[in-house]
Amino acid sequence: MGKECLVEMKKISKSFGGVHALTNMDFEINKGVIHALIGENGAGKSTLMKILSGAYVEDSGKILFEGKEKKGTSPKISMDAGISVIYQEFMLAPHLTVAENIFIDRLSEKSGIINWKKMRNDAKKILKEVGFEDIDPNAKVGELSIAYQQIVEICKSLSRNAKVLILDEPSAVLTFNEIQKLFTLLRKLKKEGMGIVYISHRLEELFELCDNITVMKDGYYVGSYSIDEINKSELIEKMVGRELKSLYPKRNAKIGEVILEVENLNAGKMVRDVSFVVKKGEVLGFGGLVGAGRTETLRAVFGVDKKDGGKIILKGKEVDLKTPHEAVKNKIGLLAEDRKQQGVLLEMPIRYNVTLSIINKVSKYGIINHKKDKSFAENILKKVTAKYGKIDDHVDSLSGGNQQKVALAKWLAADCELIILDEPTRGVDVGAKAEIYKNINDLAEAGAAIVMISSEMDELLNMSDRIIVMRQGRVTGELENNHLKDVDIMKLCVEE
Amino acid sequence: MKKDSILNMIKKYNTYIILIICILACIVVSPDFLTLTNIINIVKQYAGLTVIALGMLFVIMTGGIDLSVGSYVALGSVTVAIFLTKGMSVPIAVLLTLCIGVLGGTFTGILVAKIKMPPFIVTMAMMTVIKGIAFMLSNGSPIKTPLNTIGILGKGKIGVIPYLVILAVIVVLISAFIIRNTSFGRIIMAIGSNEKCVLLSGIQVPYYKIAAYIISAVCAVLGGIMAASRTAVGTPLYGTGLELDAIAACVIGGASLNGGEGSAIKTVVGVLILALIGNIMNLLSVPSYPQDVIKGAIIIISILIQIFTSERKKTV
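- Named according to an unreviewed UniProt entry, chain B is ABC transporter permease originating from Anaerosacchariphilus polymeriproducens.

- The name given to chain A in an unreviewed UniProt entry is Sugar ABC transporter ATP-binding protein, with Anaerosacchariphilus polymeriproducens as the source organism.
- As its UniProt record puts it under Subcellular location (unreviewed entry), chain A is described as follows: "Cell membrane".

## Here we look at the overall build of chain A
Point 1. Within chain A one finds 17 helices and 22 strands.
Point 2. Over its C-alpha trace chain A gives a radius of gyration of 25 Å, about what one expects of a compact globule, namely 23 Å for 496 residues.
Point 3. Taken along its principal axes, the extent of the C-alpha atoms in chain A is 70 × 50 × 45 Å.
Point 4. By the burial criterion, 46% of the 496 residues in chain A qualify as buried.
Point 5. In chain A, the proportion of contacts linking residues at least 24 apart, taken out of those at least 6 apart, comes to 69%.

## Re the domain arrangement of chain A
Residue and element names in this part refer to chain A.
Point 1. Partitioning chain A into domains gives domain 1 (5–240) and domain 2 (258–493).
Point 2. Taking only C-alpha atoms, the centre of domain 1 and the centre of domain 2 are 35 Å apart.
Point 3. Residue-level contacts link 11 residues of domain 1 with 11 residues of domain 2.

## Section: the nonpolar core
Note that soluble globular proteins tend to have their nonpolar side chains buried in a common cluster.
Point 1. Ile450 of chain A together with Ile52 of chain B are the most contacted members of the largest nonpolar core, which has 235 residues in total.
Point 2. It is helix α12 (residues 205–231) of chain B that provides the largest number of residues to this core, a total of 17 residues.
Point 3. Looking at this core, you find at least three residues from each of domain 1 (5–240) and domain 2 (258–493) of chain A.
Point 4. Residues contacting Ile450 of chain A, with those up to four places away along its chain left out, are Glu282, Val283, Leu284, Ile419, Leu421, Ile440, Leu443 and Ala444 of chain A.
Point 5. Formed by 15 residues, the second largest nonpolar core is a distinct cluster that contains Phe103, Ile126, Val141 and Val152 of chain A.

## Points about unusual backbone geometry
Residue and element names in this part refer to chain A.
Point 1. Unusually for a residue other than glycine, Asn264 sits at a positive phi of about 50°.
Point 2. Within the fold, Asn264 resides in strand β11 (residues 258–267).
Point 3. Of note in the backbone geometry, Lys331 takes a positive phi value of approximately 65° without being a glycine.
Point 4. Relative to the helices and strands, Lys331 is located in the loop between α10 (324–329) and β16 (332–335).

## Quick look at the interface of chain A and chain B
Point 1. Listed as interface residues are 26 residues of chain A and, on the opposing side, 19 residues of chain B.
Point 2. The leading source of residues in the side of chain A that touches chain B is α10 of chain A, at 5 residues.
Point 3. Its residues assigned to classes, the side of chain A that touches chain B shows 15 nonpolar, 8 polar and 3 charged.

## Looking at the environment of Asp465 of chain A
All names here are of chain A.
Point 1. Here Asp465 lies in the loop between α16 (457–463) and β21 (466–471).
Point 2. Exposure remark for Asp465: the 18 C-beta atoms within 10 Å place this residue in the partly exposed category.
Point 3. Taking the C-alpha atoms as reference, Asp465 lies 33 Å from Lys361; in sequence the two are 104 residues apart.
Point 4. For Asp465, the residues in contact, after removing those within four places along its chain, are Ile255, Glu282, Val283, Leu284 and Asn481.

## Some points on helix α6 (residues 176–191) of chain A
Along an α-helix, residues three or four apart share an orientation, since each turn contains 3.6 residues.
All names here are of chain A.
Point 1. Here α6 is 16 residues long and its end C-alpha atoms lie 23 Å apart, about the 22 Å a rise of 1.5 Å per residue gives.
Point 2. Taken together, the buried positions of α6 are occupied by Leu182, Leu186 and Leu189. Buried residues in α6, looked at end-on, bunch into an arc of 60°, giving them a common side. In α6, the exposed residues that point more than 90 degrees away from the buried face are Phe176, Asn177, Gln180, Thr184 and Lys191.
Point 3. Buried residues in α6 make contact with β3 (34–38), β7 (164–168), β8 (195–199) and α7 (203–209).
Point 4. The first or second residue beyond α6 is Gly193, which carries a positive phi of 100°.

## Considerations on the sheet that holds strand β19 (residues 418–422) of chain A
Adjacent strands of a sheet form backbone hydrogen bonds with each other and so pair up, either parallel or antiparallel.
Residues and elements named next belong to chain A.
Point 1. A sheet is described by the order of its strands in space; here 6 strands give the open sequence β16-β19-β20-β13-β21-β22, paired in mixed fashion. Of all strands in the sheet, those bounded by a partner on one side alone are β16 and β22 (474–480). Averaged over all pairs of adjacent strands, the angle between their axes in this sheet comes to 15°, without regard to strand direction.
Point 2. As defined by bridge partners, β21 adjoins β22 across 6 bridges and the pair is classed as antiparallel. The residue of β22 that forms the bridge with Ile468 is Glu478.
Point 3. Packed onto the sheet, helix α9 (residues 294–301) meets β13 (283–287), β16, β19, β20 (449–453) and β21 and runs at close to 145° relative to β20.

## Description of the pairing of strand β4 (residues 60–65) of chain A
Residue and element names in this part refer to chain A.
Point 1. Pairing between strand β1 (residues 5–16) and β4: 5 bridges, direction antiparallel. Looking at the pairing, Ser13 lines up with Ser60 of β4.
Point 2. Pairing of β4 with strand β5 (residues 68–69) involves 2 bridges; the strand directions are antiparallel. Following the sheet pairing, Phe65 is matched in β5 by Lys68.
Point 3. The antiparallel hairpin formed by β4 and β5 contains 2 residues in its connecting segment, where Glu66 sits at a positive phi of about 45°.

Parameters at a glance
- Residues numbered from 1 in each chain as written.
- Chains lettered and ligands numbered in written order.
- Predicted model: local features only at pLDDT ≥ 70, side-chain atom pairs only at ≥ 80, totals over all residues.
- UniProt positions renumbered as here; feature names shortened; annotations may be inferred.
- Helix = DSSP H or I, 4+ residues; strand = E, 2+ residues; numbered from the N terminus.
- Rg over C-alpha atoms; globule rule 2.2 N^0.38 Å.
- Buried ≥ 20, exposed ≤ 12 C-beta atoms within 10 Å, placed from the backbone.
- Contact = placed C-beta atoms within 7 Å.
- Domains from an automatic or database assignment.
- Core = buried A, V, L, I, M, F, W, Y, C linked by C-beta atoms within 7 Å.
- Nonpolar A, V, L, I, M, F, W, Y, C, P; charged D, E, K, R; others polar.
- Expected span 1.5 Å × (residues − 1).
- Arc of directions from axis to C-beta.
- Pairing = 2+ DSSP bridges.
- Axes fitted to C-alpha atoms, helices over the stretch in contact; angles between N-to-C directions.

Dropping the structure here:
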């Protein structure tokens, strides 16, 4: 069987602002091969696939579709070349039927009139081909299970004569049986000559399903391996092995009494029996892959999401925090993961942001003392070394790092005893990162208890006193940070 | 450099520039425009809309909308007239009428902020509900207010300035103060800018939103009382379509319907722009149906000017 190359990506580079997401990345997709693409969060897998699907334009490099160089970039060009991506969030219209979704871009012939019968039969045919005759083409997609929705997505790709199918973490939402069904389908498609890219954090699966594995790290190509020539621990090492930089200032915090104790917390689908404690002056890291339930856990603690069970004990007293308001009253602060959507008021003055949660401290009878407001904000911003023009400039005039410092300043202002940081340095350049780490250290030294969720292994290992690792909503391990290595954590992140 | 600073000036003061253009147009069109009587007449006629638009502004700043204000105007005029015919004193009648606004606003606010229903739908439903109540209470016919009661407010003046205008100015000043100088105003604005962020900052967002709907309803009821005082009659026919004028005034005044932006003074300028457009057409004796078309077109044009000159960056 001759190797037929469907897609060749050569020396692809892409940067966002000053951040290099991809550097000289090579990648190949061959006919009739299931190719795994792995790497840590932020290694550049999604960026690479988005370039392939035409959502992003590469800065440099070449892409060949079946030997012919691609000209221009658009989702249409990639689709016409037979590239089809199935993202974690499905691109389906939940209120439309299965058949309508499969043929969403070709509902009718030129006349503009839909031939319902033909469409239904065509849909039925495709569903039969993939071995899922039990899906009714007339069913509303929103009423199907997640697994079946995924099948509909795949059918949609097939109906467009896809030659390359890219699946981004397809198994994350599926049960064991559903995964087996998916695998059977993928093997069938492979036999028929489809080139498949399978992105997953579950290493076990890769050995079961894939033929080749390409490892990425920090936007670089690490290597491609045939599945028989590599084992799991080697793979983990390849994914994480890197030298640590001296980004991290020293911390001299005295770890004191327990501030927060969480017992058997359950919330929604993503948080299962989570327990942990965090002490005064301590930085407790939360490791795990994206979607492991870390954000959801801390959101439930902070009173954003509803809790379904479990105890939260704050300084020895059981509390029931139903809203963020109650959490803040109990001196808890949360630096949200999505800065622009949840962390700052982008189109409002910097000082409004800093004093937002303590507005009553700078007002009397509800009337703001603007002078006090200003000097209060300026003081706090000095502490977090934020750089800005005027204190009344809008936050969106600042760099990402300084925006984050403004968001952090809000909790400094509120004098919190417990601060939850969700990906505190996401989208922040390296220089500002070091300063934010310094801010975190200052907070801990001043006696705050800090919970830090981070998907960056370096950050987690260098900043945390202890690390909790979560996977699929559960705590899989708690590690004292005595010279911990990436591998120790990675092992707990991925399914054994 | 100089060109830039001129452009910035235009951006910053675009609402005022539109107002000046309107004033100049009025002066050119009619020599009668600049007479004191004409100006006082215009201002008095639009004092009610000013109050209503300012109430609306609070809701719009949170990112919501209140389509029921026109109906509250009708209800306000009817109830105050009924209370007065029952022999209540003016202050008590007015106070009780305002309380109706508080009740209605609270109800709307709870549906929007607590139950999280879309404000457009809730207030549209409230529009019919409130209008219907106004018709029920009045049996559909105008109710005359007793002599020497609320009519004094409508007719009276200090020097040449009518009471109604003074009342509107007071409401403007209070609104401007609340928006600029109180924590309430700042939080209302912040909610419109980014509700999630405000909620995560530990602020009880629902209460602030409910308060905004209460302010809107109370202002509208006050507008109804003012209408009744001007004509000495309360009728369910008042206020029809006024919600659109109020929204237009806010938006012409630079408020964003996405929330987070708004100014009391500029909203007044928005009302004045609407007033002058109406006045020019009256002076030119344009018949009333074309007037509606022209008014609508001018609203669109002035908002287009706002969009093209605004500093707001486009976010996809």
